[in-house]
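# Observations on chain architecture
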Number of protein chains: 2
Amino acid sequence: MTTWLSPDQLRDWRSFITLAEMLEAGLARDLAPSGLSYPDYVVLVVLSEAPEHRLRMQDLGTALSWSKSRLSHQIRRMSGRGLARREECSGDARGVYAVLTPEGLAAIKAAAPAHVESVRRMVVDVLTPAELATLGTLARKLQSRM
Amino acid sequence: MTTWLSPDQLRDWRSFITLAEMLEAGLARDLAPSGLSYPDYVVLVVLSEAPEHRLRMQDLGTALSWSKSRLSHQIRRMSGRGLARREECSGDARGVYAVLTPEGLAAIKAAAPAHVESVRRMVVDVLTPAELATLGTLARKLQSRM
DNA sequence: GTGGCATAGTTGATGCGTCAACCAAGGGAG
DNA sequence: CTCCCTTGGTTGACGCATCAACTATGCCAC
């Protein structure tokens, strides 16, 4: 038999899940003027930090904890907009590199300041340093149980 | 000029946003065996609590903080699967009721226990009561600034 | 009553994410 | 060398969410 949540538990859980939804929406909204989606953004960040601005699909997927399929679709869409391109992988004929284009690099450099502002405005600058640290600690505790 | 985040701030922010993504994925995964998506679930919850198991699209959208469009698409899909149906609104010819079907009611009753278990396993039972309360308080503080 | 604006809802296009099916190359064990 | 399993990646279909465009009704000012 399952025990339902107490009113307090329900309230706190709902507060949290609602916040998560609002935050995702807010991130997307603030990124929109730059012409990038949040998935675009995170892919560009990882590629821009990689040596030679390129990563094997495999490694990029691992870095982002994304499925092969998800990444493949995303890189296809980004290729269509000139943000990245695929390149074959010498040494392993199965492999494919995802490579950041100059346009992609320009896009992430242009988008980053507004994104950081967005994160500050919605979270980091709203909490005290201690509160943010607590939030981070709780988040890591929950993550470690999954 | 924009100030980038400190390593600690970045770490805590990333912990939090990553947790949010994992949680959404986990909720969807645990609901999947019941044949419901998370959007299905929340719509069914609200309708099942409404008088006569029905709400104006307008009111349902407000309750969920969903756009008219989002809700219209969702109800269309749910109607196709027999979980809900539309009904015209006497008194305002523009209006439409979303009505829970017996199948929809059965579906939510069947899905709820596993969903609650899922929330407990991923969050509520992982934290101490004090920690959960803190998480809720921080979430509400952040929400109030948006 | 009519003109015009607000309200209620739908639709189509497009991006995003998952799942299942698929293909091709690598790398043993025999 | 061949068989077979694993690894790396793509594709197509479908559900989900947003945006912009659209229809239709309600309602107020005049």
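The structure presented is a predicted model; accordingly, all values stated were derived computationally and were not measured.

In this section: the sheet that holds strand β3 (residues 96-100) of chain A. Residue and element names in this part refer to chain A. Here we have 3 strands laid out as an open sheet, ordered β1-β3-β2, and antiparallel in their pairing. Single-partner strands in this sheet number two, and they are β1 (54-56) and β2 (84-88). Adjacent strand axes in the sheet meet at a mean angle of 30°, parallel and antiparallel pairs treated alike. Alignment of β2 against β3, held across 5 bridges, turns out to be antiparallel. Within β3, the residue paired with E88 across the bridge is V96. Sheet strands in contact with helix α2 (residues 38-49) are β1, β2 and β3, and its direction is about 95° off that of β3.

This brings us to the protein's contact with DNA strand D. Surveying the vicinity of DNA strand D reveals 21 residues, the closest of which are K68 and R86 of chain A together with S37, S69 and R77 of chain B. K68 of chain A places a polar side-chain atom, nitrogen or oxygen, 2.5 Å from a base nitrogen of DNA strand D. When residues of the surface near DNA strand D are traced back to their parent elements, those giving at least two are α3 (57-64) and α4 (68-80) of chain A together with α2 (38-49) and α4 (68-80) of chain B. Counted by class, the surface near DNA strand D contains 4 nonpolar, 8 polar and 9 charged residues.

On to α4 of chain A. Residues and elements named next belong to chain A. End to end, α4 covers 18 Å across 13 residues, agreeing with the expected 18 Å (1.5 Å per residue, within 8%). The complete set of buried residues in α4 reads L71, Q74, I75 and M78. Summarising the axial view, the buried residues of α4 lie within an arc of 100°, below the 170-degree limit, and thus occupy one face. Summarising the contacts, the buried residues of α4 are in contact with α2, α3, β2 and β3. G82 sits one or two positions beyond α4 and adopts a positive phi of about 80°.

Parameters and conventions
Residues numbered from 1 in each chain as written. Chains lettered and ligands numbered in written order. Predicted model: local features only at pLDDT ≥ 70, side-chain atom pairs only at ≥ 80, totals over all residues. Heavy atoms only, no water. Pairing = 2+ DSSP bridges. Helix = DSSP H or I, 4+ residues; strand = E, 2+ residues; numbered from the N terminus. Axes fitted to C-alpha atoms, helices over the stretch in contact; angles between N-to-C directions. Contact = heavy atoms within 4.5 Å. Near = heavy atom within 4 Å. Polar contact = N/O pair within 3.5 Å; in protein donor to acceptor, adjacent residues only side chain to side chain. Nonpolar A, V, L, I, M, F, W, Y, C, P; charged D, E, K, R; others polar. Expected span 1.5 Å × (residues − 1). Buried < 20%, exposed > 50% of the residue type's maximum accessible area, 1.4 Å probe, protein only. Arc of directions from axis to C-beta.

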